[in-house]
Amino acid sequence: VLRHSFARKAHNLSQTSSNVLQVKASFKVAILGAAGGIGQPLALLVKMSPLVSDLHLYDIANVKGVAADLSHCNTPSQVRDFTGSEELANCLKGVDVVVIPAGVPRKPGMTRDDLFNINAGIVKTLIEAVADNCPDAFIHIISNPVNSTVPIAAEVLKQKGVYNPKKLFGVTTLDVVRANTFVAQKKNLKLIDVDVPVIGGHAGITILPLLSKTKPSATFTDQEVNDLTNRIQNGGTEVVEAKAGAGSATLSMAYAAARFLESSLRALDGDSDVYECAFVQSEVTELPFFASRVKLGKKGVEAVISSDLEGLTEYEAKGLEVLKVELKGSIEKGVAFAQKQA
Ligand code: NAD
Ligand code: LMR
């Protein structure tokens, strides 16, 4: 189903720069946390998008140089920089999509939940500004712990009276990107064709790849299922340990966030065949938020694809039951934080 992968798009775009001129750039995108490890390469990838007319870069420091640098690329979008809370409102006015990678990353030995105390407050403050200045925008939350920061964002938007569940997304695309890469490597498949749905949440065992639903269909031994599932669930930790204190995934995350953004922009542009996995308000399980494949349209989530949860293998069904316990706690922690702060 996922015929229009970001990889394919990027490949096609690199074939001829005249493609850039054939698509009308019309969407405004803001990146909050744009001077960071994810923010900078993400801004570069977004600057390459033929669908973006305006790219607003916001951070608490160091964003002026990033914007000056990027603005010399001869692609359509106009780049503007915004520094500090007094410039945040102007950054957000009229924006179609807000991408939020602001916040601290993990160091070895930490869980994503260990980032809660700092990042919860950052996300809350930024979402308040989003609610006040661009309540109709798609909101893409990258800041960890996603399993809690998305519920925080939902509560803040509710408090402001502007919550639209169809437009709030926790970005889990990196889990799909990793699953596709690892599966293609293991099974010697053509990488660009591989699509593995990943459901649940975005932390450890809450990340559940549905290997049985891999496209094109592939068979796995029990050992392969176990090894691949563990590697996908611990992909973030693999990078954190390799970076040895210098942060977590930034380049692969920027790639994944750019793919999810491009899909959102294509949906906004009227493409009726756009599917991505994301952590959204959901009724596919008893939990209020859950990551699964969603169909994207002009108004955000058009449908949450519940059929992926049918016909699970015993291994996947067990993984689903176990993950729900942890995910429920993380969601409740986020909701409690936002309600206490109100
Ligand atoms: P980083 O420290 O390199 O960059 C974070 C940026 O956020 C910095 O430039 C910082 O100045 C900025 N920032 C801090 N407070 C801010 C505020 N109040 N307003 C605006 N900007 C603010 O970190 P990074 O490696 O870019 O990671 C950012 C976040 O993304 C982390 O929480 C990390 O865990 C998360 N992450 C999520 C995924 C995912 O799959 N969802 C993947 C990788 C990283
Ligand atoms: C990832 O999956 O790479 C991110 O969530 C960052 C992390 O802390 O692992």
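As the structure is a prediction and not an experimental result, all values here were calculated from the model. (Residues numbered from 1 in each chain as written. Chains lettered and ligands numbered in written order. Predicted model: local features only at pLDDT ≥ 70, side-chain atom pairs only at ≥ 80, totals over all residues. Heavy atoms only, no water.)

A. Just the side chain of H56, in detail. With respect to the helices, strands and loops of the structure, H56 is situated in strand β2 (residues 52–59). According to the relative accessible area criterion, H56 is buried, its value standing at 5%. A distance of 2.7 Å separates the side chain of H56 from the backbone oxygen of C91, its partner in a polar contact. Once residues lying within four places of it in the same chain are set aside, the contact partners of H56 are V29, A30, I31, R80, F82, N90, C91 and V95. (Helix = DSSP H or I, 4+ residues; strand = E, 2+ residues; numbered from the N terminus. Buried < 20%, exposed > 50% of the residue type's maximum accessible area, 1.4 Å probe, protein only. Polar contact = N/O pair within 3.5 Å; in protein donor to acceptor, adjacent residues only side chain to side chain. Contact = heavy atoms within 4.5 Å.)

B. Representation of the site of ligand 1. The local shell around ligand 1 holds 27 residues, among which G37, I38, D59, V104 and N144 are the closest. G37 is positioned with one of its backbone polar atoms (N or O) 2.8 Å from an oxygen atom of ligand 1. Taking D59, its side chain carries an N or O atom lying 2.6 Å from an oxygen atom of ligand 1. Within the complex, 84% of the 870 Å² of free accessible area of ligand 1 lies under protein. Assessed atom by atom at 2 Å from the grid points, ligand 1 resides in the largest pocket. (Near = heavy atom within 4 Å. Areas by Shrake-Rupley, 256 points an atom, 1.4 Å probe, with all protein chains shown as cover. 1 Å grid on protein atoms, 1.4 Å probe; cavity = no way out; pocket = protein on both sides within 12 Å on 5 of 7 lines; lining within 4 Å. Sits in = over half its atoms within 2 Å of the grid points.)

C. Here's a closer look at the layout of surface pockets. Its volume calculated, the largest pocket comes out at about 500 Å³. Considering the residues around the largest pocket, the lining is formed by 32 residues, among which I38, V104, P105, S248 and A249 are closest to the centre. Secondary structure elements with two or more residues in the lining of the largest pocket: α8 (173–187) and α10 (235–243). In terms of residue count, the dominant contributor to the lining of the largest pocket is α10 (3 residues). Taken together, the residues that form the lining of the largest pocket break down as 14 nonpolar, 13 polar and 5 charged. (Points joined across faces, edges and corners; volume = space filled by probe spheres on them. Nonpolar A, V, L, I, M, F, W, Y, C, P; charged D, E, K, R; others polar.)

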